[in-house]
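A structural walkthrough
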Amino acid sequence: TRSGAQSFGLLEVSLETGEEREIAAQKFFNIRYLRWLPDRSGILLTAFERFYQPAKIFQISLPSGEAKILSKDANIYN
């Protein structure tokens, strides 16, 4: 945590072993909605990077875990 704020990441959990693996290097203040891409190559999500910033749409590419902001406009994607 930074300055008392919490940050959240994305984990993959094996149903067979219970093993957890972080799937994105990016941390978020708050994650709202998650959806798999149709081809399962990544995840779309709406999230806040920091408390004082508006929610944006991100794509997490798998298996690299790279996070890319898809919404670069002034809209708030709550």
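Overview of the structure. Predicted, not measured: the structure shown is a model, and the values here were computed from it.

1. Considerations on the side chain of Ser 71
Inspection of the secondary structure assignment puts Ser 71 in the segment after β6 (67-69). Using a relative accessible area of 5% as the deciding quantity, one classes Ser 71 as buried.

2. Digging into the nonpolar core
Grouped burial of nonpolar side chains is what soluble globular proteins tend to show. Core analysis: the largest hydrophobic core is formed by 9 residues, namely Leu 10, Ile 23, Ala 24, Phe 28, Ile 43, Leu 45, Ala 47, Phe 58 and Ile 60. For this core, the secondary-structure elements that each account for two or more residues are β4 (42-48) and β5 (56-61). Apart from the residues within four sequence positions on either side, Ile 43 is in contact with Ile 23, Leu 34, Arg 35, Trp 36, Leu 37, Phe 58, Gln 59, Ile 60 and Leu 62.

3. Describing the sheet that holds β5
One open sheet holds the 4 strands; their spatial order is β3-β4-β5-β6, and the pairing between them is antiparallel. Two strands close off the open sheet at either side, each with one partner strand: β3 (30-36) and β6. Strand-to-strand twist in this sheet, taken as the mean axis angle between neighbours without regard to direction, amounts to 30°. Looking at chain direction, β3 and β4 are connected through 6 bridges and run antiparallel. Its bridge partner lying in β4, Asn 30 is registered against Phe 48.

Thresholds applied
Residues numbered from 1 in each chain as written. Predicted model: local features only at pLDDT ≥ 70, side-chain atom pairs only at ≥ 80, totals over all residues. Heavy atoms only, no water. Helix = DSSP H or I, 4+ residues; strand = E, 2+ residues; numbered from the N terminus. Buried < 20%, exposed > 50% of the residue type's maximum accessible area, 1.4 Å probe, protein only. Core = buried A, V, L, I, M, F, W, Y, C linked by side-chain atoms within 4.5 Å. Contact = heavy atoms within 4.5 Å. Pairing = 2+ DSSP bridges. Axes fitted to C-alpha atoms, helices over the stretch in contact; angles between N-to-C directions.

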